[in-house]
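Single-letter residue listing:
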Amino acid sequence: MFVISLYNLKGGVGKTSSCVNFAYMAAKDGYRTLLWDLDPQGAASFYYNAEPKAKGSIKKIMEHTLSLEDAIMGTGYENLDIIPADISGRKMDILLDEQKSSKKYLKSLMKSIESEYDFVFIDCPPGFSLLADNIFNVSDVILMPVIPTTLSVRSYDLVKEYFTDKGVELDKLMCFFTMVDVRKNMHNDVMLELYKDKRFFEYYIPYTSGVEKMGLHNAPIEAFAPSSYAAICYRALWNEIKEGVLE
Ligand SMILES: Nc1ncnc2c1ncn2[C@@H]1O[C@H](COP(=O)(O)OP(=O)(O)OP(=O)(O)O)[C@@H](O)[C@H]1O
Ligand SMILES: [Mg+2]
C-alpha cells in the first residue's frame, strides 16, 4: 500500500481536483485504489457523489465504534473506493489529541487496510494541524500542488521549514504546478526558479475550464472528457508521478 496525500498549507490551489483525478487514473491503470476524503468540506466526496453511510462516521472511527473497513464505499468506478468526508471531521484535531501516540494514530488505523489497496490518496484540508502531522507521518509521498506565484513560494518555504522543524523527511515532499498561465511573466519566472529545486515534476496543470467543469459533471475529468486538454495534462502528469514514485 502506497499512500499519497494531496497537501498544501495554502487553500484553493487544486489539491482536491488533483486528488480526484489521480485516484481515478490510478484505478483505471488497474491499481486497487482508495480515496480518503479527510477534508470536512467534502469536495472530493462531492465529485464522486459519495456520502457517508452513517452520520458522524469520522468521530465513530476515532472512537472505535466504526471500523475503517466499514466506512469504505464503492464509487461506481472499477478498482476505486472512497471514504467520504463527514462534518464530524471538523473536530479531528480534538479527536486525535485524545489518542495515545496522537501523531501516529492515522498510521496505526490504516494498518487494517494495508493489504487491500495498492494506492491510497488522501485529500487534505489546508493548514498545519495535528491532522496534518498524522498525514505527513502516514504518507509515502506528500504531493503538493503549487500555483506559481510569490505567495505560493512563501507557503512552499514554510512547509519545508515545518518539515525540518518537526523531523518530517523532506524527501517525501514532491510538488507540481497547477493553474499555470504561461502568458504571465510571474508564472514563468517562479517556475524556472523552483524547477531548480528538483522537487517539482516537469508536467504541470494549466489554468483551464475543463477542471472547473468537473463540478458540473460530478466526475473526474478523464471520465467525462477524456480527450480534453485538462484530461491530457492530468494524464501526462499522473504518468510522470507514477514513474517517479514507483521507480
Ligand atoms: N487547473 C485548473 N484550472 C482552472 N480552475 C481550477 C484548476 N484547478 C482547480 N481549479 C478550480 O479552483 C478551485 C479550487 O480548486 P480545488 O478545490 O481543487 O483546490 P483545493 O486546494 O482543494 O482547495 P481547498 O483548500 O479549499 O480544499 C475550484 O473551483 C476548482 O474547480
Ligand atoms: Mg480541497
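Keep in mind the model is a prediction, meaning the values are calculated, not measured.

Conventions used here
- Residues numbered from 1 in each chain as written.
- Chains lettered and ligands numbered in written order.
- Predicted model: local features only at pLDDT ≥ 70, side-chain atom pairs only at ≥ 80, totals over all residues.
- Heavy atoms only, no water.
- Helix = DSSP H or I, 4+ residues; strand = E, 2+ residues; numbered from the N terminus.
- Contact = heavy atoms within 4.5 Å.
- Near = heavy atom within 4 Å.
- Polar contact = N/O pair within 3.5 Å; in protein donor to acceptor, adjacent residues only side chain to side chain.
- Areas by Shrake-Rupley, 256 points an atom, 1.4 Å probe, with all protein chains shown as cover.
- Phe/Tyr/Trp six-rings, centres within 6.5 Å; stacked < 30°, edge-to-face > 60°.
- Buried < 20%, exposed > 50% of the residue type's maximum accessible area, 1.4 Å probe, protein only.
- Core = buried A, V, L, I, M, F, W, Y, C linked by side-chain atoms within 4.5 Å.
- Pairing = 2+ DSSP bridges.
- Axes fitted to C-alpha atoms, helices over the stretch in contact; angles between N-to-C directions.
- Salt bridge = Lys/Arg side-chain N within 4 Å of Asp/Glu carboxyl O.

**A short note on the environment of F128**
In step 1: Following the sequence through the fold, F128 ends up in the loop between β5 (119–123) and α7 (130–138).
In step 2: For the pair F128 and K10, spaced 118 residues apart in sequence, the C-alpha separation works out to 9.6 Å.
In step 3: Contacts of F128, omitting those with residues within four sequence positions, involve Y7, L9, L158, V159 and Y162.

**Brief notes about the site of ligand 1**
In step 1: Residues in close proximity to ligand 1 total 17 residues, the closest being G12, V13, K15, T16 and S17.
In step 2: Here T16 contributes a backbone N or O atom positioned 2.8 Å from an oxygen atom of ligand 1.
In step 3: With respect to ligand 1, the side chain of D39 contributes an N or O atom lying 3.5 Å from an oxygen atom.
In step 4: Computed on the free molecule, ligand 1 has an accessible area of 630 Å², of which 81% lies beneath the protein chains in the complex.
In step 5: Broken down by secondary-structure element, the contributors of at least two residues to the shell around ligand 1 are α1 (15–28) and α10 (209–212).

**Describing the packing of aromatic side chains**
In step 1: One pass over the full model with this rule turns up 18 aromatic pairs.
In step 2: Ring centres of F119 and W238 lie 5.6 Å apart, and the angle between their planes is 75°; this geometry places the pair in the edge-to-face category. Taken together, the residues F119 in strand β5 and W238 in helix α13 (residues 229–246) connect sequence positions 119 residues apart.
In step 3: Aromatic side chains Y156 and F200 sit 5.3 Å apart centroid to centroid with 70° between the ring planes, which places their arrangement in the edge-to-face category. Residue Y156 is located in helix α8 (residues 150–166), and its partner F200 is located in the loop between α9 (185–195) and α10; the two are separated by 44 residues in the primary sequence.
In step 4: Owing to a relative accessible area of 1%, Y156 belongs among the buried residues under this scheme.
In step 5: Each residue in the set F2, F22, Y31, F119, F121, F176, Y234 and W238 is aromatic and connected to the rest through ring pairs, giving one cluster.

**Structural notes on the nonpolar core**
In step 1: Among the nonpolar cores identified, the biggest contains 48 residues, and W36, L38, L106 and I122 are the most heavily contacted of them.
In step 2: Here this core takes 6 residues from α7, the largest share from any one element.
In step 3: In contact with W36, not counting residues within four places along its chain, are I58, L68, I83, L106, L109, M110, F121, I122 and D123.
In step 4: With 38 residues, the next largest nonpolar core counts L35, L143, W238 and I241 among its residues.

**So, the sheet that holds strand β7 (residues 173–177)**
In step 1: Pairing in this open sheet of 7 strands is mixed, and the strands run β3-β4-β2-β5-β1-β6-β7 from one edge to the other. Every interior strand has two partners, whereas the edge strands, β3 (73–74) and β7, have only one.
In step 2: Here strand β6 (residues 141–146) runs beside β7; their pairing, made up of 5 bridges, is parallel. Across the sheet, the residue bridging to P145 is F176, located in β7.
In step 3: Across the sheet, α1 is in contact with β1 (2–6), β2 (33–37), β4 (80–83), β5, β6 and β7; its angle to β5 comes to roughly 165°.
In step 4: Of the strands in this sheet, β6 and β7 touch α8, which is tilted by about 175° from β7.

**Overview of the pattern of salt bridges**
In step 1: The tally for this structure, following the rule as stated, stands at 9 salt bridges.
In step 2: In this structure, the salt-bridge partner of E63 is K59, at a minimum N-O distance of 3.3 Å.
In step 3: By relative accessible area, which is 36% here, K59 ends up partly exposed.
In step 4: Among the salt bridges present, the one from K160 reaches D197, with a minimum N-O distance of 3.2 Å. On the criterion of sequence distance, the pair formed by K160 in helix α8 and D197 in the loop between α9 and α10 is long-range, its members being 37 residues apart.
In step 5: The exposure class assigned to D197 is partly exposed, which follows from its relative accessible area of 32%.
In step 6: One salt-bridge network, held together by shared partners, links K28, D29, E222, R235 and K242.

So yeah, pure geometry; function would need other evidence.
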